[in-house]
Amino acid sequence: MGALVLAGTGVAGLYWPRPGQRLHVAASRLTISPVTRGNFQEFTAIDGVVQPLRTVYLDAVEAGTVQQVLVEEGTTLTVGQPLLRLANPDLQLEMVNRETAVYDLMNNLRNTRNQLLQNRILRQNQLADIDFQLAEARRVFDTNQVLYDQKVIARQDYLQSQNAYRYQVRRRQLTQQTLRQDSVTMQQQLGTMQESVRRMTSNLALMRRKLDDLLLRAPVGGRLSSLAAEVGEAKTRGQRLGQIDALAGVKLHAAVDEFYIARIGAGQVGEVVVDGQAYALRVTKIFAQVAKGLQIDLAFTGTPPPGLRRGQTLPIRLALSAKAPAVLLPKGGFYQQTVGNWAFKLGADGSRAQRVAIRLGRQNPDYYEVLAGLQPGDRVVTSSYEGYAGQQELVLDNHQP
């Protein structure tokens, strides 16, 4: 067989038999195909696996032990529906400690505020007393000034009242300055403590959310396709617990032979036939990592076939070129012996098949593109030529077994 293929790839004359060589062949052993004219398109046949258009994975946000499983696999979920509950005593103890720390800080803030207010009231009382003493010193000073001008009192009494007045003025200034400074200090201290309370309260809210995360809820609506959790099982943070398949639609995931990597791009079209009806597809994603072929996702451009199930396999025809008019010859085993250089063409009456030189071009899983040697309407033997590839003519015997 190998020698025949090598001969076919060389000069056609080397393979051509001597005139007059013919062989009687039972027609029932041959496959006869018509040459037609139609639209030729290169495509590759691949298998696509039905997957949900959107899959949401469920991971453990916090570590814990599975305490309760609330749903079963296959359940249709609504957004926010509880799925399972984890228990984490360490997290709960930390929550209690943080709550205690916040309450202590709030109590200290309250006590500090009361103390500062009491100090302020005390300073204000001192200022009121100083104001009274200042007013009295000013009265005495004003009176003594009049009496001193009238030579009624001695200079010593006048100067004493003057010094007492100036002392009270200075005392009041210092007390006012202290009161203002105390007010600023009090505001700064209260602000610092309030900021600490705010931060600790925010941390406490974060801790409460972490506790809430121990109750796993559905982030989206859909079908719970898997849930890996058993009561008493320990789960680590970030561990995969299951997945939800959104019910909004489906896509097909497929692997394309690496030979076609350079010819696959986003937006490329294809089709799948389900129950005799063709459904158009479009490549929506090409995965960067090549593993067991080029991995791609395809979406239906219209309404998908009804009744598709996750994991179902569908045959896909992925287009590699645009459709163009061409002369078409159905594919067959003859190509193994001829490599597309020649074929047996039936005569008009269909009783004989003459060997003729042909030239084939591109091919897809169904057809060869005929470039020369055949015309639409011709009939060609397309089954294997093994055993009579050296003949020039086949005589079809409809009665030969």
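Residues numbered from 1 in each chain as written. Predicted model: local features only at pLDDT ≥ 70, side-chain atom pairs only at ≥ 80, totals over all residues. Heavy atoms only, no water.

Asks: Explanation requested: the packing of helix α3 (residues 89-149) against helix α4 (residues 155-212) in the structure shown.
Replies: Helix-helix packing is described using two parameters, namely the angle between the two axes and the distance between the axes. As a packed pair, α3 and α4 sit with axes 8 Å apart at the nearest point and diverge in direction by 165°. The orientation of α3 relative to α4 falls into the category roughly antiparallel. Crossing hand, α3 versus α4: left-handed. In the contact of α3 with α4, the residues fall into 29 nonpolar, 19 polar and 16 charged. (Axes fitted to C-alpha atoms, helices over the stretch in contact; angles between N-to-C directions. Helix = DSSP H or I, 4+ residues; strand = E, 2+ residues; numbered from the N terminus. Parallel < 35°, antiparallel > 145°, perpendicular 65-115°, else oblique. Left-handed = near helix turned anticlockwise from the far one by under 90°. Nonpolar A, V, L, I, M, F, W, Y, C, P; charged D, E, K, R; others polar.)

Asks: Just to check I follow, could you spell out the packing of aromatic side chains for this structure?
Replies: Two numbers describe a pair of aromatic rings. These are the distance of the centres and the angle of the planes. Evaluated as defined, the whole model comprises 13 aromatic pairs. Ring centres of Tyr148 and Tyr158 lie 4.7 Å apart, and the angle between their planes is 10°; this geometry places the pair in the stacked category. Of this pair, Tyr148 sits in helix α3 while Tyr158 sits in helix α4; the two residues are 10 residues apart in sequence, bridging distant segments of the chain. Using a relative accessible area of 11% as the deciding quantity, one classes Tyr158 as buried. Ring geometry for Tyr335 and Tyr368: centres 5.0 Å apart, planes at 15°, overall stacked. Remark: Tyr368 occurs in strand β22 (residues 367-372) and Tyr335 occurs in helix α5 (residues 335-338); sequence separation between them is 33 residues. A relative accessible area of 24% places Tyr335 in the partly exposed class. Directly above the aromatic system of Trp342 lies the positively charged group of Arg355, at a separation of 3.6 Å from the ring centroid. (Phe/Tyr/Trp six-rings, centres within 6.5 Å; stacked < 30°, edge-to-face > 60°. Buried < 20%, exposed > 50% of the residue type's maximum accessible area, 1.4 Å probe, protein only. Lys NZ or Arg CZ within 6 Å of the ring centre and 35° of its normal.)

Asks: Help me understand the confidence of the model for the protein, please; the structure alone is not making it clear to me.
Replies: As a note on interpretation, predicted positions should not be read in detail where pLDDT is low. Overall, the predicted model of the protein reaches an average pLDDT of 86, with 94% of residues at or above 70. In the predicted structure, residues 1-20 sits below a pLDDT of 50 and forms 28 contacts with residues beyond four places in sequence or in another chain. (pLDDT = per-residue confidence, 0-100. Contact = heavy atoms within 4.5 Å.)

Asks: Any chance you could explain the nonpolar core here in plain terms?
Replies: Soluble globular proteins: nonpolar side chains tend toward being buried together. Leu329, Phe344, Leu374 and Tyr385 are the most contacted members of the largest nonpolar core, which totals 25 residues. Broken down by secondary-structure element, the contributors of at least two residues to this core are β18 (324-330), β19 (342-346), β20 (352-357), β22, β23 (379-381) and β24 (393-397). Per-element tally for this core: the top contributor is β19, with 4 residues. For Tyr385, the residues in contact, after removing those within four places along its chain, are Phe334, Gln337, Thr338, Trp342, Ala343, Phe344 and Val380. (Core = buried A, V, L, I, M, F, W, Y, C linked by side-chain atoms within 4.5 Å.)

Asks: Hey, could you run me through the environment of Glu393 in this one?
Replies: Among the secondary structure elements, Glu393 is positioned in strand β24. Sequence separation between Glu393 and Thr100 is 293 residues, and the spatial gap between their C-alpha atoms is 102 Å. Glu393 has contacts with Gln21, Arg22, Leu23, Phe344, Arg352, Ala353 and Gln354, leaving out every residue within four places of it along the chain.

Asks: Sorry, what's going on with α3 here?
Replies: Two residues of an α-helix separated by three or four positions point the same way, owing to the 3.6 residues in each turn. Spanning 61 residues, α3 covers 89 Å between terminal C-alpha atoms, matching the ideal 90 Å at 1.5 Å per step. Between a side-chain oxygen at the N-terminus of α3 and the backbone nitrogen of Asp90 the separation is 3.2 Å; the capping residue is Asn88. Trailing α3 by a residue or two, Lys151 shows a phi angle of about 65°, which is positive. (Expected span 1.5 Å × (residues − 1). Polar contact = N/O pair within 3.5 Å; in protein donor to acceptor, adjacent residues only side chain to side chain.)

Asks: Before we go on, may I ask you to explain the sheet that holds strand β7 (residues 76-77) in this structure?
Replies: Strand-to-strand pairing in sheets goes through backbone hydrogen bonds, with the strands running parallel or antiparallel. With antiparallel pairing, the 4 strands of this open sheet are ordered in space as β5-β12-β10-β7. Strands at the two margins of the open sheet, each flanked by one partner only, are β5 (55-59) and β7. The sheet contact formed by β7 and strand β10 (residues 222-227) spans 2 bridges and is antiparallel. Residue pairing across strands places Thr76 opposite Arg223, the latter belonging to β10. (Pairing = 2+ DSSP bridges.)

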